[in-house]
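Okay, here's what each chain looks like letter by letter:
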Amino acid sequence: MYGDFLIESSTILDNKNIAVLGTNFLEVAMQWDKIAEDLWQLSLRGNVSLLQKMSKEIMDIYYQEKNLYQSLQKILTKGGFFYGLHRSKQRTYRVFLQCLLQSCHTLCRYQRMA
């Protein structure tokens with residue numbers, strides 16, 4: 001879901017690097033699906049040997065996600081974008097992206113209009 005969000009956002013932000021990261025997030029999501037399948041098999045069969053395999057896979061996913069988020073942060077910081085989390089009344093979090101104004105002139109002009 002987050003990968004899809006980034007891919008859609010990349011067209012609005014005109015940044016192909018964000019689309020690439022979105023695709024990478026979708027690939028990581030498929031790895032989570034494999035973990036979910038292993039958990040299901042664990043619950044059915046009680047094969048505890050799956051735990052060691054899953055532990056290694058989850059650690060690999062952690063490093064992949066960490067690198068993806070760091071790459072996203074670099075892209076957004078370099079491109080003058082601000083992103084963050086907003087907590088809604090339903091206690092869910094929504095990611096938002098906002099393009100920052102680059103020049104004082106533009107900022108002053110918008111402040112006068114408001």
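Residues numbered from 1 in each chain as written. Predicted model: local features only at pLDDT ≥ 70, side-chain atom pairs only at ≥ 80, totals over all residues. Heavy atoms only, no water.

Participant: Could you clarify how one ought to interpret the pattern of salt bridges in this entry?
Facilitator: When their charged atoms lie close together, side chains carrying opposite charge are able to pair. For the coordinates displayed, the defined rule picks out 3 salt bridges. The salt bridge partner of Lys53 is Glu57, with a shortest N-O separation of 3.3 Å. In this pair, Lys53 and Glu57 are both assigned in helix 3 (residues 49-78), 4 residues apart and thus about one turn of the helix distant. Under the relative-accessibility criterion, Glu57 is labelled partly exposed at 26%. Salt-bridge contacts for Asp60 lead to Lys56; the nearest nitrogen and oxygen are separated by 2.9 Å. Linking Asp60 with Lys56, this pair stays in helix 3, spanning 4 residues, or about one helical turn. (Salt bridge = Lys/Arg side-chain N within 4 Å of Asp/Glu carboxyl O. Helix = DSSP H or I, 4+ residues; strand = E, 2+ residues; numbered from the N terminus. Buried < 20%, exposed > 50% of the residue type's maximum accessible area, 1.4 Å probe, protein only.)

Participant: Got a minute to help me understand the packing of aromatic side chains in this structure?
Facilitator: Here a ring pair, both rings aromatic, is described through the centre-centre distance and the interplanar angle of the planes. Inspection of every chain in the model, using the stated rule, returns 5 aromatic pairs. Considering the side-chain rings of Tyr2 and Phe25, the 5.1 Å spacing of their centres and the 90° angle between planes classify their relative orientation as edge-to-face. Here Tyr2, found in helix 1 (residues 2-13), pairs with Phe25, found in helix 2 (residues 16-45); they are 23 residues apart in sequence, far enough to count as distant. Judged by relative accessible area, Tyr2 falls into the partly exposed class, the value being 21%. Through pairs of rings, three or more aromatic residues link up here, namely Tyr2, Phe5, Phe25 and Tyr69. (Phe/Tyr/Trp six-rings, centres within 6.5 Å; stacked < 30°, edge-to-face > 60°.)

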